[in-house]
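Residue-level listing of the chains:
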Amino acid sequence: MMTFFIVLAAAAQAYLLGSVDTGILVSKYLYHDDVRNHGSGAAGMTNMLRTFGKKAAALTAAGDVLKGVAAVCIGRWLFGFLPADAAVSPYLGVYLTAILAVVGHTKPIYFGFKGGKGVLVAGGAILAIQPILLPLLTVVFLLCLVPTGMVSLGSIAMAASYPVLTLIYGLLKGFAADDLIVCVVGAAIMGGMVIWMHRANIQRIREGKEYRFGSKHKQ
């Protein structure tokens, strides 16, 4: 019973924390507008940048990354109270909370279940789980962004690369089979969620209509 309540508490705090959508708060209280009414309709850094500028984008990025880090750290702390005989992988807590934080960001309970795409929240979660993978994911992002100018393409490539890099890292570190499965499945779910949230971007990329960084965006 104690295990159930700890898992429930970890999941709930991650979702509720993820639902504190930085982009929406910044746009509403600093610019007296709602970023979701502009551009792509997403409450993420990219849409904040092209709608309100660099300051708004920086504040949004910082808030989104920090709540991803916080959700995972709180989840790890809560899972530390599990009974010794719980037989639960220590990675279950961090990936459970990482996934729920992304869900909260994309479907925020406080803002009508319409939020952002979860890239930076996932990045914050990865920073708290396996920071060694972030430089590699950044390289993947830049290899897509620099030649194309498409932030969405870089985000999609990172999301697809994350479970693969997690598998390689786990094998190199000699993770136990149970832990490796939890990590890879958790990473795959996170990556899949981010890709799913970019499905409209994927369609625009195929049609040659996707927004390119630095270009004028047509409403």
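Residues numbered from 1 in each chain as written. Predicted model: local features only at pLDDT ≥ 70, side-chain atom pairs only at ≥ 80, totals over all residues. Heavy atoms only, no water.

In the annotation of an unreviewed UniProt entry, the chain is listed under the name Glycerol-3-phosphate acyltransferase and assigned to Faecalibacterium duncaniae. In its Sequence similarities (unreviewed entry) section, UniProt records this for the chain: "Belongs to the PlsY family." On record in UniProt, under Pathway (unreviewed entry), the comment for the chain is "Lipid metabolism; phospholipid metabolism." (UniProt positions renumbered as here; feature names shortened; annotations may be inferred.)

It is worth spelling out the overall build of the chain at this point. Within the chain, the regular secondary structure consists of 10 helices and 0 strands. Tracing the chain from N to C terminus, the helices and strands come up as α-α-α-α-α-α-α-α-α-α. Its C-alpha atoms give the chain a radius of gyration of 18 Å, within 12% of the compact-globule value 17 Å for 219 residues. By principal-axis analysis of the C-alpha atoms, the chain measures approximately 55 × 35 × 25 Å. Residues counted as buried form 47% of the 219 residues belonging to the chain. Residue pairs at least 24 apart in sequence account for 69% of intrachain contacts in the chain once pairs closer than 6 positions are excluded. By element, 70% of the accessible surface of the chain is carried by carbon and sulfur atoms, the whole surface being about 11,000 Å². (Helix = DSSP H or I, 4+ residues; strand = E, 2+ residues; numbered from the N terminus. Rg over C-alpha atoms; globule rule 2.2 N^0.38 Å. Buried < 20%, exposed > 50% of the residue type's maximum accessible area, 1.4 Å probe, protein only. Contact = heavy atoms within 4.5 Å. Areas by Shrake-Rupley, 256 points an atom, 1.4 Å probe, with all protein chains shown as cover.)

A few words on the UniProt feature "transmembrane region" (unreviewed entry) in the chain. What UniProt calls "transmembrane region" (unreviewed entry) maps, in this numbering, to residues 56-79, 91-113, 119-143, 150-169 and 175-196. Taken end to end, residues 56-79 is 100% helix and 0% strand, and its two terminal C-alpha atoms sit 35 Å from one another. Spanning residues 91-113, this segment combines 70% helix with 0% strand, and its end C-alpha atoms are found 28 Å apart.

Looking now at the pattern of salt bridges. Enumeration over the complete set of coordinates arrives at 5 salt bridges. A salt bridge links Glu210 to Arg204, with the nearest nitrogen and oxygen atoms 2.9 Å apart. By relative accessible area, Glu210 is classed as buried at 10%. Among the charged side chains, a salt-bridge network with shared partners connects Lys28, Asp34 and Arg36. (Salt bridge = Lys/Arg side-chain N within 4 Å of Asp/Glu carboxyl O.)

This next bit is on the nonpolar core. Counting residues in hydrophobic clusters, the biggest one holds 31 residues, and the most contacted among them are Val72, Tyr95, Ala98, Ile129, Leu137, Tyr162 and Met190. Contact partners of Ile129, with chain neighbours within four places excluded, come to Val72, Arg76, Val94, Tyr95 and Ala98. The next biggest cluster of nonpolar side chains, apart from the first, holds 8 residues, and it includes Val26, Ala43, Ala56 and Phe111. (Core = buried A, V, L, I, M, F, W, Y, C linked by side-chain atoms within 4.5 Å.)

Before going further, it helps to examine the state of the cysteines. Counting across every chain of the model gives 0 disulfides. The thiol sulfur of Cys183 is not disulfide-bonded, and the nearest other cysteine sulfur, from Cys73, lies at 16 Å. A relative accessible area of 0% means that Cys183 is categorised as buried. (Disulfide = S-S within 2.5 Å.)

The subject of this paragraph is the environment of Leu120. By the secondary structure assignment, Leu120 is in helix H6 (residues 119-129). Among all residues touching Leu120, those that are not within four sequence positions of it are Met45, Ala61, Asp64 and Val65.

What follows is about the environment of Asn37. Inspection of the secondary structure assignment puts Asn37 in the loop between helix H2 (22-30) and helix H3 (45-52). Placed 21 residues apart in sequence, Asn37 and Ala58 show a C-alpha to C-alpha distance of 20 Å.

We now examine the packing of aromatic side chains. Using the criterion set out here, one finds 6 aromatic pairs in the structure. Put simply, the rings of Tyr91, Tyr169 and Phe175 touch in pairs and so form one group of aromatic residues. Across from the ring centre of Trp196, 4.1 Å away, lies the NZ or CZ of Arg199, which sits over that ring. (Phe/Tyr/Trp six-rings, centres within 6.5 Å; stacked < 30°, edge-to-face > 60°. Lys NZ or Arg CZ within 6 Å of the ring centre and 35° of its normal.)

Take the side chain of Asn47 next. Positionally, Asn47 belongs in helix H3. Classification of Asn47 by relative accessible area gives buried; the value is 2%. In this structure the side chain of Asn47 is engaged in a polar contact, spanning 3.0 Å, whose partner is the backbone oxygen of His38. Residues contacting Asn47, with those up to four places away along its chain left out, are Val35, His38, Gly39, Ser40, Gly41 and Ala42. (Polar contact = N/O pair within 3.5 Å; in protein donor to acceptor, adjacent residues only side chain to side chain.)

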